[in-house]
Amino acid sequence: MEFTLLIVIIVLALIFDYINGFHDAANAIATVVATKVLTPFQAVVWAAFFNFLAYWVFGFGVADTVAKTANTMDINLVVILAGVIAAIIWNLFTWWQGIPSSSSHTLIGGFAGAAIAHAGFGVVSWYNVGKDGGMPSGVLIIIAFIILAPLLGALMSYLISIWLLNASKKSIYPKIFTASLMILTIWFVESQMIYYDQIKDPRFPSSTFWSVAFESHNIKWFLVAFIVLSISAFCLIFSSLNLNQATAWLKKMQLLSSAAFSLGHGGNDSQKVMGIIAAAVAVYIHTSGVAQESLPAWLDVVLPNDEGAFKMPTWIPLACYSAIAAGTLSGGWKIVKTMGSKITKVTSFEGVAAETAGALTLYFTEHFKVPVSTTHTITGSIIGVGLTKRVSAVRWGMTVSLLWAWVLTIPISAILAAIIYYIFSIFI
């Protein structure tokens with residue numbers, strides 16, 4: 001019975017991942033579709049490709065945080081099953097209504113709500129102090145980023161927009177600023193690099209260079225440098241371009257910014273499902289009494305602790321990244337309209353600023369292992385570029401409606417999961 005429940009949870013978690021893909025496809029493709037840089041079909045193929053490519057870029061930091069939402073020693077598989085089903089129901093409902101709610105917070109809310117129904121509020125990891133002065137974790141931190149993620153996205157997109165606007169002027173000062181930013185970016189990324197002697201499991205043991213170049217931690221920072229340096233290069237020539245030339249360049253840059261955001265989307269959201277599957281395996285080991293050593297290789301999952309790192313078989317991340325990419329390929333057209341036009345009018349200029357800001361926000365929050373909402377992040381970024389025109393350029397009525405959906409997602413998912421858990425407990 002326990003093993004059957006585990007298989008059902010894994011299948012449903014991958015179904016949720018697929019739904020997450022088409023629910024959140026709008027996050028990455030709305031602006032490129034709205035500005036006619038790509039057709040809808042081209043846009044979803046482009047986004048799905050980079051969703052899957054994220055497999056080689058990101059580690060398991062966010063999966064680690066999600067897996068530890070509740071103490072796996074105090075829950076059972078019915079808790080996780082109820083949480084996943086509640087998340088699927090809320091995701092499908094908000095997709096049907098065209099509401100860009102957070103798939104991430106739906107999953108966290110469902111998991112936490114079912115756990116509370118099973119063992120009380122103490123079972124949930126509300127707040128954990130960060131190790132060695134690092135970022136704290138827990139459900140309260142995730143809740144805080146309901147506000148912080150869109151604010152960070154809005155602030156970053158506003159600053160990028162101001163930077164681009166000033167770079168279009170024939171003045172030496174924006175160019176000095178841009179050159180200084182390029183130097184600062186190179187210095188910062190170099191300081192974040194992991195070199196060969198620090199890599200625990202080099203991908204190319206016979207080659208120091210390729211092992212460093214393809215270390216997932218380093219790839220992420222290479223991407224940050226590439227994004228910032230690409231925009232910087234454009235800013236250096238922006239003032240010498242006429243309107244048509246500038247528009248053409250901005251449309252090309254939208255391909256880069258949407259690709260960067262799709263990478264962040266895949267890396268952030270797929271890990272949440274990995275975390276749920278890892279937690280389910282850990283609970284199965286605890287409740288069934290099966291020894292870790294006697295498990296088949298495809299279930300050899302080890303949750304992180306003080307002594308060891310997160311470990312999972314390759315098929316789990318591959319399946320999760322494949323599922324979200326397939327979901328993105330399916331579209332999600334109801335939400336594209338909301339994201340691409342109902343918040344503020346989006347041009348190529350706004351698209352580049354918003355997607356770049358969203359991507360950078362996702363990369364930095366992933367670095368700190370915070371499972372933020374890609375939906376909240378890109379919505380905040382779109383609002384930020386709208387504010388550079390004027391406050392009234394943002395359709396605040398629509399924005400307030402979105403905020404209500406964001407605030408209600410975790411409690412509604414939690415309540416729904418608790419109800420489902422109580423129903424299942426009668427029969428299972």
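Predicted model, so just to flag it, every value in this text is computed and none were measured.

So, the environment of L236
Position of L236 relative to the elements: it lies in helix α9 (residues 216-238). Assessed through its relative accessible area of 32%, L236 is described here as partly exposed. Spatially, the C-alpha atoms of L236 and T178 are 7.1 Å apart, while their sequence positions differ by 58 residues. With residues up to four places along the chain from it excluded, the contact list for L236 reads K175, T178 and M182.

A word on the packing of α9 against helix α13 (residues 348-367)
In a packed pair of helices, the relevant descriptors are the angle between the two axes and the axis-to-axis distance. Relative to each other, α9 and α13 sit at 155 degrees, their axes nearing to 11 Å. By the angle between their axes, α9 is roughly antiparallel relative to α13. The crossing of α9 and α13 is left-handed. Together, H217, K220, W221, L223, V224, I227, V228 and I231 of α9 and T356, L360, Y363, F364, E366 and H367 of α13 make up the contact between the two elements. Each residue belonging to the contact of α9 with α13 can be placed in one class, and the counts come to 9 nonpolar, 3 polar and 2 charged.

A word on the packing of helix α2 (residues 40-53) against helix α10 (residues 243-288)
Contact pair α2 / α10: the axes reach a minimum separation of 7 Å and the direction vectors enclose 45 degrees. By the angle between their directions, the pair α2 and α10 is classed as oblique. At the point where α2 passes α10, the crossing takes the right-handed sense. In this structure, α2 contributes W46, A47, F50, N51 and L53 to the contact, and α10 contributes L255, S258, A259, S262, L263, H265 and G266. When grouped by side-chain class, the residues that make up the contact of α2 with α10 number 7 nonpolar, 5 polar and no charged.

Description of the pattern of salt bridges
By the definition in use, this model includes 2 salt bridges. A salt bridge links E366 to K220; the shortest N-O distance between them is 2.8 Å. In this pair, E366 is assigned in helix α13 and K220 in helix α9, connecting sequence segments 146 residues apart. Assessed through its relative accessible area of 6%, K220 is described here as buried.

Side note on the packing of aromatic side chains
All told, the structure shown has 19 aromatic pairs when counted by the stated rule. Their ring planes at 40 degrees and their centres at 6.4 Å tell us that F188 and F364 sit as a pair that is tilted. Taken together, the residues span a long stretch of sequence, with F188 in helix α7 (residues 172-192) and F364 in helix α13 at a distance of 176 residues. Relative accessible area serves as the criterion here: at 28%, F188 is assigned to the partly exposed category. A ring pair is formed by W221 and F364, whose centres lie 5.3 Å apart and whose planes are at 70 degrees; its orientation type is edge-to-face.

Section: a nonpolar patch on the surface
Together, M1, I415, I419, I423, I426, F427 and I428 line one region of the surface with nonpolar side chains, adding up to about 800 Å² of accessible area. Within the fold, F427 resides in helix α15 (residues 396-427).

Re the side chain of T65
With respect to the element layout, T65 can be found in helix α3 (residues 61-67). Residue contacts for T65: discarding those within four places in its chain leaves I142, K369 and P371.

Focus on the layout of surface pockets
When its volume is computed, the second largest pocket comes out at roughly 390 Å³. The set of elements that each furnish at least two residues to the lining of the second largest pocket consists of α6 (139-167), α7, α9 and α13. Here the lining of the second largest pocket takes 6 residues from α7, the largest share from any one element. The residue makeup of the lining of the second largest pocket, split by class, is 15 nonpolar, 2 polar and no charged.

Some details on the confidence of the model for the protein
With 89% of its residues at a pLDDT of at least 70, the protein reaches an overall mean of 84. The weakest mean pLDDT in the protein belongs to helix α12 (residues 333-342) at 48; the strongest belongs to α7 at 95. Scored below 50 in pLDDT, residues 337-344 makes 35 contacts in the model with residues more than four places away or belonging to other chains.

Re the side chain of S262
Residue placement: S262 occurs in helix α10. By relative accessible area, which is 0% here, S262 ends up buried. Excluding anything up to four places from it in sequence, S262 contacts A28, A47, F50 and N51.

What counts as what
Residues numbered from 1 in each chain as written. Predicted model: local features only at pLDDT ≥ 70, side-chain atom pairs only at ≥ 80, totals over all residues. Heavy atoms only, no water. Helix = DSSP H or I, 4+ residues; strand = E, 2+ residues; numbered from the N terminus. Buried < 20%, exposed > 50% of the residue type's maximum accessible area, 1.4 Å probe, protein only. Contact = heavy atoms within 4.5 Å. Axes fitted to C-alpha atoms, helices over the stretch in contact; angles between N-to-C directions. Parallel < 35°, antiparallel > 145°, perpendicular 65-115°, else oblique. Left-handed = near helix turned anticlockwise from the far one by under 90°. Nonpolar A, V, L, I, M, F, W, Y, C, P; charged D, E, K, R; others polar. Salt bridge = Lys/Arg side-chain N within 4 Å of Asp/Glu carboxyl O. Phe/Tyr/Trp six-rings, centres within 6.5 Å; stacked < 30°, edge-to-face > 60°. Patch = residues over 30% accessible without salt bridge, like charges linked within 9 Å, V, L, I, M, F, W, Y side chains within 5 Å. Areas by Shrake-Rupley, 256 points an atom, 1.4 Å probe, with all protein chains shown as cover. 1 Å grid on protein atoms, 1.4 Å probe; cavity = no way out; pocket = protein on both sides within 12 Å on 5 of 7 lines; lining within 4 Å. Points joined across faces, edges and corners; volume = space filled by probe spheres on them. pLDDT = per-residue confidence, 0-100.

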